[in-house]
Amino acid sequence: MAEVAIRGVHKSYNKVPTVHGVDLSIADGEFVVLLGPSGCGKSTLLRMIAGLEEITAGEIAIDGTVVNALEPRERGCAMVFQNYALYPHMTVAENIGYALKVAGTRKPERRARVAAVAQSLGIAELLDRKPGTLSGGQRQRVAIGRAMIREPKVFLFDEPLSNLDAKLRAQMRIEIRRLHQRLGVTSVFVTHDQVEAMTLADRLVVLNHGRIEQIGTPTEVYRRPASRFVAGFIGAPAMNFLTGTLAADGRIAIGSGAGTPVTIGVRPDEIQLLDAPLKGTLDFEIELVEELGTGQVFYGRSGEMEMTVMRNGGGEAALPRSGQRLFLKIPMTCVHLFEVESGRRIDLPPSRLAAE
Amino acid sequence: MVERSPILNLISQLLLFLGLLSALLPFAIIAIAASHDLRTVNEVPMPLTPGPYFWDNIVEAWNRADLGPKIVNSIVFAAGVALGKVFIAALTAFSIVYFRYWGKMVVFWAIFITLMLPLEVRIVPTYAVAANVLSPYQALLDISGITWLVRQATGIEIALKWGLLNSYTGLILPLIATATGTFLYRQFFLTLPDELTEAARMDGAGAIRFFFDVLLPLSRTNMAALGTIMFVWAWNQYLWPLLVTTDAAHGTAVTQLKELIPQTNGTPDWHIAMAGTLIVMLPPLVVVIFMQRWFVRGLVAAEK
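Note that the structure is a prediction, hence the values are computed from the model and not measured.

Participant: Any details on the overall build of chain A? Residues and values, ideally.
Facilitator: Scanning chain A for helices and strands turns up 9 helices and 20 strands. Oriented by its inertia axes, the alpha-carbon framework of chain A measures out at about 80 × 50 × 35 Å. Taking all 356 residues of chain A together, the buried fraction comes to 49%. Nonlocal contacts in chain A, meaning residues at least 24 apart in sequence, comprise 65% of its contacts between residues at least 6 apart. Summed over its atoms, the accessible surface of chain A is roughly 16,600 Å², and 50% of this surface lies on carbon and sulfur atoms. Side-chain charges of chain A comprise 42 positive and 40 negative groups, with the mean position of each set lying 6 Å from the other.

Below is the structure:
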């Protein structure tokens, strides 16, 4: 077990920078998820921790030791790969035990430890099979077993669940979380799936274009997104963004008006859907309805702006159809404000917002 | 484009059968000729039914050409070349695919160019090197004047000599480099996912460990295919064994066949020559049949 410190890490491929100065410290036993769209440098960052990629500038320390120049095996990390990367010619037992074999552990001890790991992952009856005969979920378990057996200081997961079907993914997610609770090993998990990220993380790191956009607990990141990018990336359906203005007295107005132009973000489930217009409501013409079972998502437009509104519950009788005109009430206490140019969050004291 | 109609099937079956027939006919004639006595085999036209002397001719050919030890020589030679090629090619491809080093592309192209220089083209220099492995170094010393300098200073004449003629080493060693094999492995190694290499690195396996524990076991079918092809190729070599083995004790079975061919004014005993040919054909045939299952899999697709 160990803490991981990432200090000013840069990465360039053939002079093209892909990671621009990442600072991150991960506490001992913490489960950190790196989240971002593809190409944001999250996997590169993970691979730099593992030692599979060289660090162009900056340093990474594991357990207080700078590991920049160390080989992967000397860093005490274990990695679970996206496509499992099991050795196809070895049995499950040989796959799990290979690290021990390389390290020169004696056969009886090796066998005992492989059996113990397999037992804990529920794959004890598969030990003599070859990876080719296993299902995706079983292969992933073997890959996790292969990482576990080394009793690493840090677990690294590189999108390990993205090759599984949705049901299995949810199940493996819970298992990985359970495993972490049991072993308490510092873990870094890379994913582009926000549900995975929200459910697994102690702390979430949102990356975009090789920079950290926000670090925080899943709740913080969801409730107080630090930038327009984070706000749009986290949450499904995605947040609505409207152009608006922020007056000097803190009054927010949608559309053009006096004051600083801002981007107003509001989550689809926080907009109220009304049958009749009230003061300050917006017109809304429904174009598409998605039935989710627990609620509905309405896609439509309000004047020029595309809007998404989500409603929970709702009986069949009252279900609005496409083409129908409704009215939206945006509660100003729920909105997020962002600077138009930089996309940074503008924080206002709640009291001023409530004055509207 | 899979079309199925009875007429088309019939035509293609017929064509295949004709092809098979024309491929097998020469072998049939060899076998038939090997089963007649001297008088019958020289009749014109030669009868196309087998005669009763097959076994006698085989024994006669075996004894006359001293095929026993020659076949042992051939097996050592062909197996040595095949194994050498399989191993050297794997190692070369490993270096080309998995390492980044200065001059890697030069090495790659140098290997590639050897495809255009088969043994027959470079037979003279190859022979010179086999006759004295150290001759290139000797030449360097001579040209740079070191030989002269040493002679002037100490009176000792530097003469490096390590001959490989008339030895198994001389037969095998100059033939084990193979560009074809290297490319076969290279293509296979390129299909392996990078994660496999990375997983091995995470598990703490070094390069050599990875090569022996992961790459070689995975390329078993490739090795079988390459080994089979190269065994047959080496078995059929004529020019090189003829040049290198002036001493009859190291001769191979294929070069020995020459002994069975009737001389211009000698007895036209073609039945013995054909019997000898049949014997010499047998070992590579056995190898191909035995290895066929692996061989085809190695050429067709990578085992997943």
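Participant: I'd like a rundown of unusual backbone geometry, residues and numbers included.
Facilitator: Here the residue pair Ala236 of chain A and Pro237 of chain A is connected by a cis peptide bond, since its omega of -5° sits within 30 degrees of zero. Within the secondary structure, Pro237 of chain A is located in the loop between α8 (228-233) and β11 (240-246).

Participant: Can you lay out the UniProt feature "domain: ABC transporter" (unreviewed entry) in chain A for me, pointing to particular residues and giving the numbers?
Facilitator: Following the UniProt record, the feature "domain: ABC transporter" (unreviewed entry) maps to residues 4-234 of chain A here. Overall, residues 4-234 of chain A shows 37% helix and 26% strand. The separation of its end C-alpha atoms is 25 Å.

Participant: Tell me what's going on with the packing of aromatic side chains, and back it up with residues and numbers.
Facilitator: Counted under the stated rule, the structure contains 20 aromatic pairs over all chains. With centroids separated by 5.7 Å and ring planes inclined at 35°, the aromatic side chains of Phe155 of chain A and Phe157 of chain A adopt a geometry described as tilted. For the pair formed by Phe155 of chain A and Phe157 of chain A, the shared burial category is buried. Look at Phe157 of chain A and Phe189 of chain A: their rings are 5.4 Å apart centre to centre, the planes differ by 35°, and that puts the pair in the tilted class. With Phe157 of chain A in strand β7 (residues 154-158) and Phe189 of chain A in strand β8 (residues 186-191), this pair connects stretches of sequence that are 32 residues apart. Directly above the ring of Tyr13 of chain A sits Lys11 of chain A, whose terminal nitrogen or CZ lies 5.0 Å from the centroid. Over the ring of Trp233 of chain B we find Lys85 of chain B; its NZ or CZ atom is 4.4 Å from the centre of that ring.

Participant: Can you tell me about the side chain of Ser187 of chain A, naming the residues and giving the values?
Facilitator: Residues and elements named next belong to chain A. Relative to the assigned elements, Ser187 resides in strand β8. Separated by 2.9 Å, the side chain of Ser187 and the backbone oxygen of Val185 make a polar contact. The residues contacting Ser187, other than those within four sequence positions of it, are Glu30, Phe31, Val32, Phe155, Phe157 and His180.

Participant: Give me the lowdown on the sheet that holds strand β13 (residues 260-266) of chain A, citing residues and values where you can.
Facilitator: Residue and element names in this part refer to chain A. Across the sheet, 5 strands lie side by side as β12-β11-β13-β19-β20; this open sheet has antiparallel pairing. Because the sheet does not close on itself, it has two edges, and the strands there are β12 (252-254) and β20 (345-346). Bridge count between β11 and β13: 7 bridges; the pairing is antiparallel. Note on β13: the bridge partner recorded for Leu246 is Thr260.

Participant: How would you explain the pairing of strand β16 (residues 295-302) of chain A if you had to name every residue and give the values?
Facilitator: Residues and elements named next belong to chain A. By the criterion of burial, β16 is predominantly enclosed, with 6 of the 8 residues buried. Alignment of strand β15 (residues 282-291) against β16, held across 6 bridges, turns out to be antiparallel. If you follow Glu285 over to β16, its bridge partner there is Arg301. Between β15 and β16, which follow one another and run antiparallel, lie 3 residues, and Gly293 among them has a positive phi close to 95°. By the bridge criterion, 8 bridges tie β16 to strand β17 (residues 305-312) in an arrangement that is antiparallel. Counterpart to Phe298 in the pairing with β17 is Val309. With antiparallel pairing between neighbouring strands as the criterion, β16 and β17 make up a hairpin whose turn holds 2 residues, including Gly303 at a positive phi of roughly 65°.

Participant: If you had to explain the side chain of His271 of chain B to someone new, which residues and values would you point to?
Facilitator: If you trace the backbone, His271 of chain B turns up in helix α16 (residues 270-300). Judged by its relative accessible area of 7%, His271 of chain B is buried.

Participant: Give a description of the sheet that holds strand β5 (residues 65-66) of chain A that names residues and reports values.
Facilitator: All names here are of chain A. Spatially, β2-β1-β4-β5 is the arrangement adopted by the 4 strands of the open sheet, whose pairing is antiparallel. In this open sheet, the two edge strands, each paired with only one partner strand, are β2 (16-26) and β5. Two elements, strand β1 (residues 4-13) and β2, share 7 bridges in a ladder whose sense is antiparallel. In the sheet register, Ala5 faces β2, and the bridge partner there is Ser25.

Participant: Residue-level account of the nonpolar core, with values.
Facilitator: With 91 residues, the main nonpolar core has Ile6, Leu34, Ile60 and Leu156 of chain A together with Phe189 of chain B as its most contacted residues. For this core, the element with the highest residue contribution is helix α4 (residues 67-98) of chain B, accounting for 12 residues. One finds Phe31, Ile123, Leu127 and Ala201 of chain A within the second-largest nonpolar core, a separate group that totals 42 residues.

Reading the values: the criteria
- Residues numbered from 1 in each chain as written.
- Chains lettered and ligands numbered in written order.
- Predicted model: local features only at pLDDT ≥ 70, side-chain atom pairs only at ≥ 80, totals over all residues.
- Heavy atoms only, no water.
- Helix = DSSP H or I, 4+ residues; strand = E, 2+ residues; numbered from the N terminus.
- Buried < 20%, exposed > 50% of the residue type's maximum accessible area, 1.4 Å probe, protein only.
- Contact = heavy atoms within 4.5 Å.
- Areas by Shrake-Rupley, 256 points an atom, 1.4 Å probe, with all protein chains shown as cover.
- Lys, Arg positive; Asp, Glu negative; His and termini not counted.
- Charge placed at Lys NZ, Arg CZ, Asp CG, Glu CD.
- UniProt positions renumbered as here; feature names shortened; annotations may be inferred.
- Phe/Tyr/Trp six-rings, centres within 6.5 Å; stacked < 30°, edge-to-face > 60°.
- Lys NZ or Arg CZ within 6 Å of the ring centre and 35° of its normal.
- Polar contact = N/O pair within 3.5 Å; in protein donor to acceptor, adjacent residues only side chain to side chain.
- Pairing = 2+ DSSP bridges.
- Core = buried A, V, L, I, M, F, W, Y, C linked by side-chain atoms within 4.5 Å.

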